[in-house]
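# Structural features, examined
Here's the letter readout for the chains.
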Amino acid sequence: MMAPLCQANTTIVFEEKSLSVTRTLASYLTASRIDDIPEDIRHESRRSLLNYIGCAVGGSREPSVEILLSTLQPYFGKPTAGILARPERMDPLHAALMNGMTSHVFEYDDTLPKNYIHPSPPLASALFAYASANRVTGKDFIHAFLLGFETEARIGNAVYPAHYEAGWHITSTAGVFGAAAAVGKLLGLSVEQMIWALGIAGTQASGLRENFGSMVKYFHAGHAAKNGYVSAILAKSNFTAGPHSLEGPRGFAAVTAAKYDLSKITNGLGTKFQIRDNAYKPYPCGLVVHPTIDGCIALHQEHHPASADIVAVRVRVAPLVLDLCNKKDITRGLEGKYSIYHSTAVGLIRGKAGLQEYTDAAVNDPLVKRVRERVTAISDTTITEDQSHIEVELADGRKLVRFVEASIGNLGIPLTDRQLEDKLRDQASFVLPSAQIEKLIELCWQIDKLEDVGVLVQATVKP
């Protein structure tokens, strides 16, 4: 029998002995107390949620969001819930789906470099949908968010990289577990019910990387949020699932990964918080191309090369870059987010890689297109995923060279609180007046002091 060991600092620590991995995790989730979680961890959760809110507000008017909303609206249930940054009312499950879409669509959301999960969209989308329909204190909300974060990050760690290499979109497949655990915590699930919630989530885990570069990639985050929510409410009603959904011979790990390490789910529960490994993007595209963007922007600022003067560009990058972002013959802005060639070109020619650099217009800009066609990306196992070596050959024979040791926004050079605020301002300016944006930022930093998180949800909607 496994029991929590209470240390002098009252931190709850779980050690797996005879219990299964699924039960060990469920026992931790149900026993955890917010007072056991250090303040720096709680602050990182506020940073994550501030970043998430900016993405959700900014992405709330994107074409794919409009299509999803208008198509599904006839199927909405009772309008008891709201979504972020929009006036429409709907049932909580569809609200979770819509929140997931808006928060992921800019490709600007947080990322765990250990497994490339975008952790907040599936998780926070379900929680904000729940909080818009039910009164939830900020303290309980933060606690549920952190437990959901632990769940999805640890499950992702256990199956990465084999799961990802097989073609699964890990944000969705691991995110559904995080959403289930978080909503389940707010519902007060028992250990048995939490085991069922994880099992119901596992059987709904899905999402294929083949869809990257299309609208359905962002649908994955909402799909995971909705399915995780469903998992929790079914478990609350004693809808059963198998007891070994994570570790069983036909469970999530064995079925979706050729190689996995289940100890990564249970080791250090309650002491080694995964949110410390969270990273926030300065550019709205795949994290693995950020080092190249940094280097190209630096070359632009130093030399201002003209498109017509660039003869060839060679970038040496980690193998994962070409696995994820090898799209070259592109015509749509969404495709540009997964193109090392496009990101290289906009960095060199425009000296920036903001939201306007990943539009259809930018992808089809003749000057950008000319440089993109001259970029060669070379897989190099000596280059880490946070590095890039760039060489630009000019018509006059000069060669511009830059090596990036670590990219801005990753764990080595994290974005500051102020930079995260500015990022929210930049995205939200498309939707909200400046005074409302400043109030929203204040509420994000004070979220754990709110008596009702619904106040924050309402603050994202333009009067």
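Residues numbered from 1 in each chain as written. Predicted model: local features only at pLDDT ≥ 70, side-chain atom pairs only at ≥ 80, totals over all residues. Heavy atoms only, no water.

Mapping Glu 442 onto the fold places it in helix α20 (residues 434-445). Look at Glu 442 and you get partly exposed, because its relative accessible area is 45%. (Helix = DSSP H or I, 4+ residues; strand = E, 2+ residues; numbered from the N terminus. Buried < 20%, exposed > 50% of the residue type's maximum accessible area, 1.4 Å probe, protein only.)

Take the side chain of Ser 245 next. Mapping Ser 245 onto the fold places it in the loop between α10 (216-236) and α11 (252-256). With residues up to four places along the chain from it excluded, the contact list for Ser 245 reads Thr 22, Leu 198, Gly 199, Gly 251 and Phe 252. (Contact = heavy atoms within 4.5 Å.)

Packing of helix α1 (residues 21-31) against helix α9 (residues 191-204) brings their axes to within 8 Å, and their N-to-C directions diverge by 120°. Between α1 and α9, the interaxial angle falls into the category oblique. Of the two possible hands of crossing, α1 and α9 adopt the one that is right-handed. Contacts between α1 and α9 pair Thr 22, Arg 23, Leu 25, Ala 26, Ser 27, Leu 29 and Thr 30 from the former with Val 191, Glu 192, Met 194, Ile 195 and Leu 198 from the latter. Considering only residue class, the contact of α1 with α9 consists of 7 nonpolar, 3 polar and 2 charged. (Axes fitted to C-alpha atoms, helices over the stretch in contact; angles between N-to-C directions. Parallel < 35°, antiparallel > 145°, perpendicular 65-115°, else oblique. Left-handed = near helix turned anticlockwise from the far one by under 90°. Nonpolar A, V, L, I, M, F, W, Y, C, P; charged D, E, K, R; others polar.)

This paragraph deals with the packing of α1 against helix α6 (residues 138-159). Running from amino to carboxyl end, α1 crosses α6 at an angle of 165°, the nearest separation of the two axes being 10 Å. When the axis of α1 is compared with that of α6, the two are roughly antiparallel. Pair α1 / α6 crosses with right-handed handedness. For the pair α1 and α6, the contacting residues are Leu 25, Tyr 28 and Leu 29 in the first and Leu 147, Thr 151 and Ile 155 in the second.

Glancing now at the side chain of Arg 42. Checked against the element boundaries, Arg 42 lands in helix α2 (residues 39-58). There is no salt bridge for the buried Arg 42, and the closest opposite charge comes from Asp 35, which lies 4.2 Å off by N-O distance. At 3.1 Å, the side chain of Arg 42 forms a polar contact with the backbone oxygen of Ile 37. Aside from chain neighbours lying at most four places away, what touches Arg 42 is Ile 34, Asp 35, Ile 37 and Leu 146. (Lys, Arg positive; Asp, Glu negative; His and termini not counted. Salt bridge = Lys/Arg side-chain N within 4 Å of Asp/Glu carboxyl O. Polar contact = N/O pair within 3.5 Å; in protein donor to acceptor, adjacent residues only side chain to side chain.)

Further remarks concern α20. Compared with the 16 Å implied by 1.5 Å per residue over 12 residues, the 17 Å span of α20 between its first and last C-alpha is a close match. Residues of α20 that are buried include every one of Gln 436, Ile 437, Leu 440, Ile 441, Leu 443, Cys 444 and Trp 445, and no others. Of the surrounding secondary structure, the elements contacted by the buried residues of α20 are α2, α19 (417-428) and α21 (454-459). (Expected span 1.5 Å × (residues − 1).)

This part is about the pattern of salt bridges. In the structure shown here, the tally under the stated rule is 28 salt bridges. A salt bridge links Glu 88 to Arg 86; the shortest N-O distance between them is 3.0 Å. Summarising the burial analysis for this pair, Glu 88 and Arg 86 share the class buried. What you see here is one network of salt bridges that share partners, running through Arg 418, Glu 421, Asp 422, Arg 425 and Glu 438.

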